[in-house]
Every structure is written in C-alpha cells, then in structure tokens.
Amino acid sequence: MPEPKKPGPKKEAAPPAETVPGEEPQPAQITGLFVERPQSATAIKGKDITFVAKVDSSTLLRKPVMKWLKGKWMDLGSKAGKHLKFKETYDRNTKIYTYEMTIVKVVDGDAGGYRCEVTAKDKCDSCTFEITVEAVEEVQQTNILEAFKRSGDAGEDAGDLDFSGLLKKRERKKEEPTEPEVDVWEILKNAKPCDYEKIAFQYGITDLRGMLKRLKMMRKVEPKKSDAFIRKLEPAYSVEKGKRIIMSVELADDNAQVKWLKNGQEIKPSAKYLFESIGGIRKLIINKSTLSDDAAYECVVGEEKCFTEVFVQEPPVTITKLLDDIHVVVGERVEFEVEVSEEGANVIWMKDGVELSRDGKYRFKKDGKKHWLIINEASKEDIGTYCVCTNGGQSKAELEVEDKELEVLQSIADLTVKAAEQAVFKCEVSDEKVTGRWFKDGVEVIPGKRIKMTHIGRVHKLTIDDVKPEDAGDYTFVPDGYALSLSAKLNFLEIKIDYVPRQDPPKIHLDTTGSMVSKNTIIVVAGNKLRLDVEITGEPAPTVCWRKGPIELSSTEGRVRVESRKNLSSFVIEGAERGDEGLYCITVTNPAGEDKADLNIRVVDVPDAPENVRCTGVGEDTASILWDPPKFDGGAPIKGYLMERKKKGSSRWTKLNFDIYESTVYEAKKMIEGVFYEMRVFAVNGIGVSQPSATSKPFMPIAPTSEPTRLMVDDVTDNTCALKWLPPDRVGAGGVDGYIIEYCLEGGSEWVQANEVPVEKNMYRVRGLQVGEKYLFRVTAVNIAGRSPPAEIKQGVTIREITERPKIRLPRQLRTKFIKKVGEKINLVIPFQGKPRPVVNWFKDGTPLDSSLANVRNSEVDSILFIRQATREHSGQYTLSVQIENMEDKATIEIQVVEKPGPPVAVTVTDVWGFNAALEWKPPKDNGNCDITGYTVQKADMKAKEWFTVYEHNRRPSCTVSDLVMGNEYTFRVFSENICGLSEDAGVSKNTAVIAKTGLHYKPQPFKERDMSSSPKFITPLVDRSVVAGYNTAISCAVRGYPRPKIIWMKNKMIIGADPKFLMQNNQGVLTLNIRKPSLFDGGQYICKAVNELGEDQVECRLEVRVIKEVIKEKEEAKK
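Residues numbered from 1 in each chain as written. Predicted model: local features only at pLDDT ≥ 70, side-chain atom pairs only at ≥ 80, totals over all residues. Heavy atoms only, no water.

Caption draft 1: View of the overall build of the protein chain. Helix and strand counts for the protein chain stand at 4 helices and 90 strands. Within the protein chain, the proportion of its 1120 residues that are buried is 40%. Partitioning the contacts of the protein chain with sequence separation of at least 6, the portion at a separation of at least 24 is 63%. Surface summary for the protein chain: the accessible area is close to 64,100 Å², and the carbon and sulfur share equals 49%. (Helix = DSSP H or I, 4+ residues; strand = E, 2+ residues; numbered from the N terminus. Buried < 20%, exposed > 50% of the residue type's maximum accessible area, 1.4 Å probe, protein only. Contact = heavy atoms within 4.5 Å. Areas by Shrake-Rupley, 256 points an atom, 1.4 Å probe, with all protein chains shown as cover.)

Encoded structure:
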C-alpha cells in the first residue's frame, strides 16, 4: 500500500467574495473568533480521532453557532450517530466554548478536506483542515471503485456520497481508458473545465469536488480479469428520480448464485427490488428510484465482487412564484423575492444577461423554498432587467430607480408684522433628514442674536425677534440636494401717529401684496390657515362688520372668526375648506362716514381623482389607456397626470412616468404578453397630486396572430368556392378565436365579408358568387387583440361549373358478400364523387328498391342504405347507380341475412354391433339461408335420461358412436349447425340401440327386493338467517323418503304459490328456496314440509330482513 500523505499546511479561510453555487450567503464581517483551531492530521484506519476547536465569546452578544462541514457544503451535524459524535462545553470563567468532533473507527471515506465555521449575528470565522487515512497493513486494492464510500455506518441510507478517498496516493496501474456509460459523465468528460460548474448546476450534481475527483479517476481504472464474471457492472449508473434502474452482470457459471449488496447490506427481493436470472445474466431492477437509492452497490459471487455507484438526479427545479417589477427611489432597499419548487435548490441571479456574484453591493439569501436578491442602497446604475434561473425555468422583472422627490407638506406663508414684534417663517418637508439654508433677497441668512434657525424633525423654522424695517424682504428656504425652493415675503407694518382732526371718516387700507393674485382676490390652499389683517383708520374708532353675502360674521371664536384690535380687524379661517369660497364684504362706520371693501376668497385644493380608467387596445407588449379628467380640478388648472401599473394579484405598483403627462390617452409599453395588468392614474395641479383613481379592469397585452398559411382553393361550383388553409405560424398567448373570409371581384377594391361570425374550422365555402366572374379571396385570423394580416389568393378564381366523372368508392368490406343475422341493423355508407351533384338510384335484384323495404339517404358525397331490423327477405343483390348526364357508375353489393338452421330429419340407428352403433340422418329442411357447417351428436341412456355429447362439428350426415356400455339401451339426438350456431331443436332418433350381452352366462342368486319405502325425514334442517334488504338470498335443507315426497313451502303458515319472487328447487333431495331482492315484508317464519303416502315431516326457520341504515349503525356501534 502506498505511504500516507503527510499533513499539509493549514489552509486559509476562503475570502468572502468567493462564490460557490448553492452556498448560503456569507456573513458581512469576517473576524478572528477562534482561540484554538483544528489541525490537519493522519488517522489510522479503524481507530478513533478527535478534533478540537475553541471560540472566545467575551465580545459576542449571543451564543455562537458552530458548523462542521466536509468539503464546502456537506453539513456533518445531520450525520451524528455511531460514526460521528459531537460535544460542546462552556467555561464560565474564561467565556470560551470548546467544540469537539470525534470520528469513530475511521474508514477510507473519511479522508478529505473539512471546514469548521462559527457564526454569531454579524460576525463569523472559519478554518479548514485535512484528514489523511493510513491503513494498518498493506492490502492491494483490486478495484478503484471501492474508494467510493458513504459517510456513516448507521444503515444502508446513512451518509452522503464522498469521493474524497480518491485523494490517497495509489500505485500506478497501466493506463487503459474505459468507455463510461453515455450520460452526464460522458458530457463532463468531453467538456471544457470552465463549463464543469454550469453542467453540474444543469444536471443537479451538488458535490462538485467529488465529481471532479471521480471524473479524474475514471480514466485510470483498469478492470481486473475475473474468473466468475464475464461482464461486470458499469462503473456508475445515472438515473432520474422516479425512473427504473437496471444493473446487470454476466457470469461464467450459469448456475452460480449471486448476492446484491447496498452500502454493504444485503438486498432482499421485494416489490421495489427485483432479481432476474436469464442464463448467465443476473439483473437487479430497482423500481421508482428515490434519493435513498443513491448509494454504492456490490454484486458478490463466491469470493469475487464487482462494484458500482448509482446517482439519482432530482427533477428540474421550477419557479412557483414569479418575480415582481420594483420601482424605488435612489438609496432605498431593493428585495427581489422568488419561490421555487424544491427546498435548498440552487438558483442563479443575473442582471441584463450577466451573472451576479456576492460582493458588497448584492446579497443573496434563501430560506426553504424562498430566495432573495437584496440591494441595500439602490442607485441609477442598478436600473435593468433582473432574471433568476433554475435548471427548470426562469423569471424576469424590471427594476426602475428614480431620483428622490422631496414633498412639501407645508409651505412658507407671507407675514406682516409691526416693529418690535416677532416674525416666524415655518415650513415642513417629507424627509426629516433633509437640511437646508435660508436666504433673504438672494443673500444667505446668518444666525445671530435676533435671528435663529431651528430644524426639528421635518419642520424648519426661521425666527426673527424685534423686527425692524430693514428685515422686510423676500425670504427663501432651499433644501440641500434638491432643485427646490420655498419663498415668502415679510411685510413691515410701520405705525405712524398723525395729528388729525377729531372727526375723521373711516378708511379701509387693504394690502394687495402677498397672496392676492388680483385686486381684492385672495387664494388660500385647502387645509391651510387664512388670516386677513385689515388696517382701519377713523376718528372716532369705527365699527367693523364682516359679511359673506347676507350672513354677518361676528363670532370671535371657532374655525371662522373675527379678531379686532385697535386700528386693525383680522378675519381668520382655520383649515380652509371649499365651502369657504365666496365674496366677503367688510364695512366700517363712524359718525363721520362709512367705507366698504369687497374681498373675493378662492380656496384651491388638489384635484379629484381621474375617472373611468380603461384599456382601449392592446398589442404584443403595449396597451392603450384612456381616462376622463377629474370632475373637480381643485380650483387650479390640471397640469397633467401620473400613471402606475401592476400585475394582477400583486400589491406592488410601478410608476410609468416621472414627468407630468398632459394627455388623457397613454400607451403603456414594456409589458409581458399573456400577463394580466391593472392601471391607475393620478391628477396633478399646482397644489399637488390627487388620490389615485379606481383601478382599471384587468387587461392582457396580446398581439394579433400572423397571417394564416397555405391558403388555397379546394373546390369550385357554379356559384360557390371552397377554401382551405392552415393556422398561423405565430399564434401567441391570445390564441385564435376564428377566421374571417372576404372576397372581391378581380380588379375591384371593395371587399365583402362572407361570414358574419368567425369560423373555427380551417375551411369555408363561399356562396352566392356569380357564374363566370373572377374573384379574389383573403382570410384573416381573429383573436382578442384584433385581426391578423390577411392571407390572399393573388390570382383570380373563375366561378364556373366543373364536370367530374362519377365514381363510386366501394368500401373494402362490401366488395365481398355482406352477411348479417336476422334482427340485426344494416347501415351501409358508400362514398362517391362527381360534379355536379350526381343522381343516385338503388336497385334490388335488378328492380328499383322499394322504400318500404329499406331507407335511403343521399348527400353530395355519399349514399346511406339503412335497414332497422334485417329479415331474410332483405337478402339479395343491391345495385347503387350514380349518374351525371350520360356518364354513370355502378356498384353491386350482395347482402345475405341468415339465422339458425332447423333440426336434422330422419335420424335413424342403422346398425348395432359390439359396443358400437351407426347413425344416419338427412339435412334440415331449413338451413337458415346459409350452408350447414356441421352437426352435434348426443347420446342418452334410457335409464338415466341424461344427454352426453359424442361429436361436435361432424360434417357428414352419418356417424358411428363407440364405447357404449353393455346391457344399456341408448337413444340419440342430432343438432344442425351453421355460422349462426346450433339449431334450436334437435332431431331425435326414431329407434334405439340396445347393447346386448354376448358370450357371458351369469346365474344370479335369487334377488330379494328390499322395501325402500320410508316416510319423509329431513336430514339437514333450515337455519335462521339475517339478510340485508335488496340483496338476493336463499334458504336450504335436505330430505329423504320413498316414494319421492311432495315438497310444500310456507311463509307464516301460508303456502307459497306461483309467486315470481320465489324460486323453489329440488336437486336429489336438496331443497332450496330462492328469494329475489327481499324487503322488510319478506321477513318472518318459513316452513318446508315434505309429504308422501307414508307420512310427513317439516322444518322451519326465521328470516330477518334489515335495511342498510341499520346495518351501518350496528357496524359503527361494534367499532365503538
């Protein structure tokens, strides 16, 4: 045996960016958690070996999770048992976890690379080590396939395939390449190394490392010549899950016994495992293979063995939940979710046809059947088509990323303040993380003692204390990172004290700046607060009156109120509503006079939602959407609309436009044909965006089909033209609802539709055409998406009568004599051809067919002769004549109606000799209208009167009956036979045949006749019975007596007469009363009475009839 490998240097942990298909996503942070790592070692075969790993948990918030792996993905935790043992301890003082893995009785299959991995929330660490197995003594290995082992020894299905035993250094044998079975291994053998991972994913091979090692060793196996085997097992068998596997060997000795082993355990014959032996060939058949059949198999003959491996491929993994389109803004988290048919299946994520790998941008996650692709912070570069692929299908979805839009929840309002008062500008935006700057007349505002800027959540404030005249101006708030600005004006109200006469007429001073769009017109946004400060002068102080129409507004509290101060009257509306719109009038009066002013207040709001969103047309991947404008525009002109769509059943809406779309007709694009979509629309005015409209009815993008193919003329008459064609080459998801046929005169331009309703068949006859005219024809396919392009006949078709010679196409079975039995139905369908429509006539035996004898139905292409019940008078020759002008074709059909023959006549015993008798007879008078095919001869002893068949199918009208019993007298009867069967009656011989005793003289002793007379006595009584209503039943007994007694059956002491419900039988003294479908009325006491001249006897029983409901109830009680 070659020397074992020395322990190699410790391998570094794989970098986090390395991607292995099917592996779980690696944690984000790789840290050094191991205090002590397991080291590579050399193990002695059959001995135990232990590996120790220690983890420091002093910096961890949770208990770490340890995984022991073989290769890269074989989790050894699920293989714990007799062969693998795991132990975990914890030291509270040092906060160190100690993990031990012990391999009991090391085998060759335990050799290979191992990895231990520890994870704790967002931290992880891993290390690798190697195990080399060294044998105790050198044993020459005769078959390299013995290196294919399974981990564990708990049973035939324990452990997974492990090819790592092939890593051992072995003696080189003469290289002689063997040809493996043409399967996935042959594909791998001929493929490039760069394609191995792709082929393994396609065919469901998970142990990539083992596959590569086995592929390498397949070229090095040299089969050893065997005395017991002529042909050994193949190196490996590959089969799909659920299919049947057949493994066969050929033995040198046809009588040798074989044993089949699976993972070292003998296989017993069963419904799953079948053994087959044909000569020297021995087969093992495994029905309906499962993953448990993926194992190592041996065939043992005496001391010799041959080995093989069976690989069971799982069925393709299909996608059960498709991807949804996603629309996000820059910086948001994106999660594509898909669900597949198998747990733990491998998937490939792709973007725009390029496979994605695990890096800092993309993360892959899976849980059972669900898989996720996660993008933590989306950017514009992530826009594209994402695809998830399995070996059984794929699903695509679109990702759209747009720039962040900042929504203004509350804008800045204009302010009018007096000297030394406080001015506060306040605004609110949708993102609380947004910062910004304040400007006055284009110059940035610098905070100071009087000027303060605050930012609390989504609210930004600019506060100016002790307002001065120089503070008046335009103030603007500009959010950082957005092309947006909010502006308002600060008006400084300067108070002047003038000395005026004491009598001063009142005067209203209106400020026309700020929110006034025109003179005396004020616009306020719905929901905002309106405060209208009106300066009033006059001496003495005037009286102020506010009115809306005829209604006087004098309340000083509430939502709509009037506040008064010296020389100032304020009109306040809290949370403006639509009903607050209108013309307001302020009147001031004092003894010196009166002044009035009219104010028009307009309340503007976001518009109502658009209405009646509907799909007006669809294409292959497009749809035309139409909607009605909102009934109320919010008091401001509609600027445009925003559209969203989603797949039916999904809850994720995707925006279709980022810029405002002005029209009410929109063509949606980039949709998937055959998928239902729904649409909704938002209206936009100067105030904001409306609520979404009601969702449209689901619609499906479907394209019309391509044009029908191979359009041709099938037939032309004097006023019709028959067309036929093939379906379109491209049908699409909408299918074909039917076809429209159109025609027009050659040289004309007006096409006429021949059919009102689309026809489903691929043929149609256009009628109502003019004789002698030339027509052009075209056919279009119709489906839900509309009409396809037309298929046209470019060359004109002349409508004229075409004469075709009549021709009868007689079916093959009617070319010979047609035989039917009496009473059977005759239905003959005889096709013919000819143009114009031929004249059809039927004749019987040369004379026209009588309509009372048979029914005839003629069409353009066939003629049907129908006889409901055939009789012998229907026999004869029937002639069909098809005539067009002076051209004619005929066909003759011979019909023979037969029935059973009559009995033979004149049956006579002509001679008797020895034990033989000669019979002769004459054929029957009625042969049933066909030839007699034979006779059946029967004999009967005159004592027993029981008939026994002597000859069947005897073709001659005579026969010799042999083997008759001496001393008996026989009579005979004969049945005639034809193709319908035996005759109903038989011809009975007029005389009998007596077989005389010759050459023997027997002197019998005087015979004393014994008196056998006895009174009736029942030897078997009737037995009480309980039966189910509706099911036939019978009661029986047995009686003896001589002379033969008369039997009387009674029910409830009433004699049962000729009631068809009861059938009484007597067979050699066994008496049976059959009761047909008994009911509750048939229950009671039954008596059987036997009477002869010497006496009588009787027996009785009770019959109980139960209904099915009672029977079911009793069974349920018995179960309880």
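From this point, the discussion proceeds with the structure in view.
Caption draft 2: Region of interest: the nonpolar core. Core analysis: the largest hydrophobic core is formed by 28 residues, its most contacted members being Phe34, Phe51, Met66, Trp68, Met101, Ile103 and Ile131. Those elements that provide at least two residues to this core are β3 (41–44), β4 (49–56), β5 (65–70), β8 (96–103), β9 (112–120) and β10 (123–134). (Core = buried A, V, L, I, M, F, W, Y, C linked by side-chain atoms within 4.5 Å.)

Caption draft 3: Layout of the packing of aromatic side chains. On inspection of all chains with the given rule, the structure shows 18 aromatic pairs. Centre to centre, the rings of Trp725 and Tyr739 are 5.4 Å apart; their planes meet at 65°, and the pair counts as edge-to-face. Of the two residues, Trp725 is situated in strand β57 (residues 721–726) and Tyr739 in strand β58 (residues 738–745); the sequence distance between them amounts to 14 residues. Here Trp725 and Tyr739 have matching classes, each one buried. Cluster of aromatic residues (ring-pair linked, three or more members): Phe51, Trp68, Tyr114 and Phe129. Over the aromatic face of Trp653 sits the side chain of Lys646, whose NZ or CZ is 5.3 Å from the ring centroid. (Phe/Tyr/Trp six-rings, centres within 6.5 Å; stacked < 30°, edge-to-face > 60°. Lys NZ or Arg CZ within 6 Å of the ring centre and 35° of its normal.)

Caption draft 4: Quick look at the sheet that holds strand β52 (residues 638–647). The antiparallel open sheet is built from 3 strands, whose spatial order is β53-β52-β55. Every interior strand has two partners, whereas the edge strands, β53 (654–655) and β55 (677–685), have only one. Here β52 pairs with β53 via 2 bridges, running antiparallel. Following the sheet pairing, Arg645 is matched in β53 by Thr654. (Pairing = 2+ DSSP bridges.)

Caption draft 5: Structural detail: the sheet that holds strand β17 (residues 265–266). Here we have 5 strands laid out as an open sheet, ordered β14-β21-β20-β16-β17, and mixed in their pairing. At either end of the open sheet lies a strand with only one pairing partner, and these are β14 (236–240) and β17. As paired strands, β14 and strand β21 (residues 304–313) are joined by 5 bridges and run parallel to one another. For Glu240, the partnering residue across the bridge sits in β21 and is Gln313.

Caption draft 6: Quick peek at the pairing of β58. The element β58 is largely enclosed, with a buried count of 7 among its 8 residues. In this structure, β58 lies alongside strand β61 (residues 774–783), joined through 8 bridges in antiparallel fashion. Bridging across to β61, Cys744 finds its partner in Leu776. Looking at chain direction, β58 and strand β59 (residues 752–753) are connected through 2 bridges and run antiparallel. Residue pairing across strands places Tyr743 opposite Val752, the latter belonging to β59.

Caption draft 7: Structural view of the side chain of Ser976. As for its position among the elements, Ser976 is in strand β78 (residues 969–978). The class of Ser976 is buried, set by a relative accessible area of 0%. Reaching out from Ser976, the side chain makes a polar contact with the backbone oxygen of Gly902 at a distance of 2.4 Å. (Polar contact = N/O pair within 3.5 Å; in protein donor to acceptor, adjacent residues only side chain to side chain.)

Caption draft 8: Inspection of the side chain of Asn783 at higher detail. Tracing the sequence through the fold places Asn783 in strand β61. A relative accessible area of 5% places Asn783 in the buried class. At 3.5 Å, the side chain of Asn783 and the backbone oxygen of Ala703 are in polar contact. A distance of 3.2 Å separates a polar side-chain atom of Asn783 from the backbone oxygen of Gly735. The contacts of Asn783, once residues within four sequence positions are left out, are Ile702, Ala703, Pro704, Thr705, Val731, Gly734, Gly735, Val736 and Asp737.

Caption draft 9: Region of the structure containing the pairing of β78. Of all 10 residues in β78, 8 are buried; the element is thus mostly enclosed. In terms of strand pairing, strand β75 (residues 934–941) meets β78 through 8 bridges, oriented antiparallel. When the sheet's bridge partners are listed, Tyr935 is paired in β78 with Ser976. Direction of pairing for β78 relative to strand β81 (residues 993–994): antiparallel, over a ladder of 2 bridges.

Caption draft 10: Structural context of the environment of Asp253. Relative to the helices and strands, Asp253 is located in the loop between β15 (245–251) and β16 (259–262). Taking the relative accessible area as the measure of exposure, Asp253 reaches 43% and is therefore partly exposed. Spatially, the C-alpha atoms of Asp253 and Phe229 are 8.5 Å apart, while their sequence positions differ by 24 residues. At 3.1 Å, the side chain of Asp253 and the backbone nitrogen of Asn255 are in polar contact.

Caption draft 11: The pattern of salt bridges, seen in detail. For the coordinates displayed, the defined rule picks out 45 salt bridges. The partner of Glu240 in a salt bridge is Lys243, and the shortest N-O contact between them spans 3.6 Å. Residue classification places Lys243 among the partly exposed positions, given a relative accessible area of 46%. Salt-bridge contacts for Lys361 lead to Asp382; the nearest nitrogen and oxygen are separated by 3.1 Å. With Lys361 in the loop between β26 (354–355) and β27 (362–367) and Asp382 in the loop between β28 (370–375) and β29 (384–390), this pair connects stretches of sequence that are 21 residues apart. Beyond isolated ion pairs, a larger network of salt bridges with shared partners links Lys529, Arg531, Asp533, Arg561, Glu563 and Glu574. (Salt bridge = Lys/Arg side-chain N within 4 Å of Asp/Glu carboxyl O.)

Caption draft 12: Representation of unusual backbone geometry in the model. Going from Glu539 to Pro540, the amide bond is cis rather than trans, its omega being 0°. With respect to the helices and strands, Pro540 occurs in the loop between β43 (530–539) and β44 (543–548). For the bond from Tyr1042 to Pro1043, the omega torsion is 0°, close enough to zero to count as cis. Inspection of the secondary structure assignment puts Pro1043 in the loop between β84 (1033–1042) and β85 (1046–1051). One non-glycine residue, Asn1052, lies in positive phi territory at about 50°. Mapped onto the elements, Asn1052 comes out in the loop between β85 and β86 (1054–1055). Of note, Gln1068 is a non-glycine position whose phi angle comes to about 55°, a positive value. Within the element layout of this structure, Gln1068 appears in the loop between β87 (1062–1067) and β88 (1070–1075). The class for Gln1068 is exposed, based on a relative accessible area of 78%.

Caption draft 13: Summary view of the confidence of the model for the protein chain. The pLDDT averaged across the protein chain works out to 83; a share of 88% of its residues lies at or above 70. This stretch, residues 1–30, has a pLDDT under 50; its non-local contacts, to residues over four places away or in other chains, come to 54 contacts. The model gives residues 138–161 a pLDDT under 50, and that stretch makes 59 contacts with residues more than four places away or in other chains. (pLDDT = per-residue confidence, 0-100.)

Caption draft 14: Molecular detail of a nonpolar patch on the surface. A grouping of Tyr1031, Ile1108 and Ile1112 is seen on the molecular surface, where their side chains present a nonpolar patch of about 310 Å² in accessible area. Residue position: Ile1112 is located in helix α4 (residues 1108–1119). Given the relative accessible area of 44%, Ile1112 is considered partly exposed. (Patch = residues over 30% accessible without salt bridge, like charges linked within 9 Å, V, L, I, M, F, W, Y side chains within 5 Å.)

Caption draft 15: Local environment of the state of the cysteines. This model, assessed by the stated rule, comprises 0 disulfides. With no disulfide of its own, Cys389 lies 3.5 Å from the sulfur of Cys387, the closest cysteine sulfur. A residue is classified by how much of its surface remains accessible, and Cys389, at 13% relative accessible area, is buried. (Disulfide = S-S within 2.5 Å.)

Caption draft 16: Main features of the environment of Val408. By secondary structure assignment, the location of Val408 is in strand β31 (residues 408–410). Put simply, Val408 and Leu486 are 78 residues apart on the chain and 8.9 Å apart in space, counted from C-alpha to C-alpha. Apart from residues no more than four positions distant in its own chain, Val408 is found in contact with Glu428, Leu484 and Leu486.

Caption draft 17: Up close: the environment of Ile319. Looking at the element boundaries, Ile319 is found in strand β22 (residues 319–321). Judged by its relative accessible area of 16%, Ile319 falls in the buried class. Sequence-wise, Ile319 and Lys369 are 50 residues apart; in three dimensions their C-alpha atoms are separated by 9.6 Å. Dropping the residues within four chain positions of it, Ile319 is found in contact with Val338, Glu339, Val340, Val388, Thr390, Gly393, Gln394 and Ser395.

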